[in-house]
Amino acid sequence: MKRWIVREIIEVGRYLFEAGVVEYYSGNLSIRYKERIYITRSGSPLPFLKPQDVIEIKEGKPIFGKPSSEFVVHKRVYEKTNHKAVAHAHPPTIVKLAFALKESFYIPRDNEAKLLLGKVPILKVEKPSASLELAEAVANALKEFPCAIVYSHGVFCAAQRLKLAVGLITALEFSAKVF
C-alpha cells in the first residue's frame, strides 16, 4: 500500500473532524491511484484513523475488508470523471441550509466561495445514502461541478488531490455560515 496515500487520508480525516464538518464516525475519503482505490474502512473514526483503516481496492479483484458504505458513490465518480480524490462529509450548516433553500442549487454569496465553487447542485434522491441512485446522481454532478450537496445527508467534493477536495468542503461550510 502506498504510504503517502495512507498518510494523506489520515491527516485529512483529522482535519475534517477538527473543522467541524464530520462527527466521530461520519464521512469517508478516497484516493484513486492507477488501477486502485484507497478508501476509508466502514465505521472508522475520521479523527483517529490508523493505517489499517484505509482499504486498498484493486480493479477487478476481490475486496478484502469492509470499505465505507459510500464506496459505491466513490467508485462511480471515478468511473465517470477524471478526479483523483473524493471526500464526503456532513457539514451541519450546509445540510441545514439545504433544507431551507427551495432552489436546486446553492449559490454562495461570499466572494471567495463564488470564485472557488461557482454554484453547487443540491441533489434530492429517494435513497440519499449508499445507493446506486445516489452514486449516479453524485457522479453526474461532479462531472460538471466540484461539489454536490445531497439533501438531508451531506456533501461530496472531488478534485485532483484529496486536500483540495477537503478544502472545497470547508469553503462550502464557511460560505453557508456566512449565508
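Within each chain, residues carry numbers counting from 1 in the order of the written sequence. Residues qualify for local features only when their pLDDT is at least 70, as the model is predicted, and side-chain atom pairs are given and counted only at 80 or more; totals for whole chains, interfaces and linings, by contrast, use all residues. Hydrogens and water are ignored here; the side-chain numbers use all heavy atoms of the structure.

J.: Mind showing me how you'd approach the pairing of strand 8 (residues 154–159) here?
T.: Within a regular strand, side chains alternate between the sheet's two faces. Summary of the burial criterion: residues with accessible area below 20% of their type's maximum are buried, those above 50% are exposed, and those between are partly exposed, where the area comes from a 1.4 Å probe applied to protein chains only. Strands are runs of DSSP state E lasting at least two residues, helices are runs of H or I lasting at least four, and both sets are numbered from the N terminus onward. Of all six residues in strand 8, six are buried, a share of seventy percent or more. Here strand 8 shows two buried faces, one formed by G154, F156 and A158 and the other by V155, C157 and A159. Two elements, strand 4 (residues 85–89) and strand 8, share five bridges in a ladder whose sense is antiparallel. Across the sheet, A85 pairs through a bridge with A159, a residue of strand 8. At least two DSSP bridges between two strands are required for those strands to pair. Here four bridges tie strand 7 (residues 147–150) to strand 8, and the two strands are oriented antiparallel to one another. Residue pairing for strand 8: C147 is matched across the bridge by C157.

J.: How should a nonpolar patch on the surface be read in this particular structure?
T.: A surface patch of nonpolar side chains, amounting to about 420 Å² of accessible area, comprises F17, Y24, Y25 and F48. Note that Y25 resides in the loop between helix 1 (3–18) and strand 1 (28–33). When its relative accessible area of 51% is taken as the criterion, Y25 is described as exposed. Surface patches are drawn from residues lacking salt bridges whose relative accessible area is over 30%; two like charges belong together within 9 Å, two nonpolar side chains (Val, Leu, Ile, Met, Phe, Trp, Tyr) within 5 Å. Note on areas: these come from Shrake-Rupley sampling with a 1.4 Å probe, and a residue is covered only by the protein chains present in the view. We count a salt bridge whenever a side-chain nitrogen from Lys or Arg sits within 4 Å of a carboxyl oxygen from Asp or Glu.

Such coordinate-based values are descriptive only and should not be taken to indicate function.
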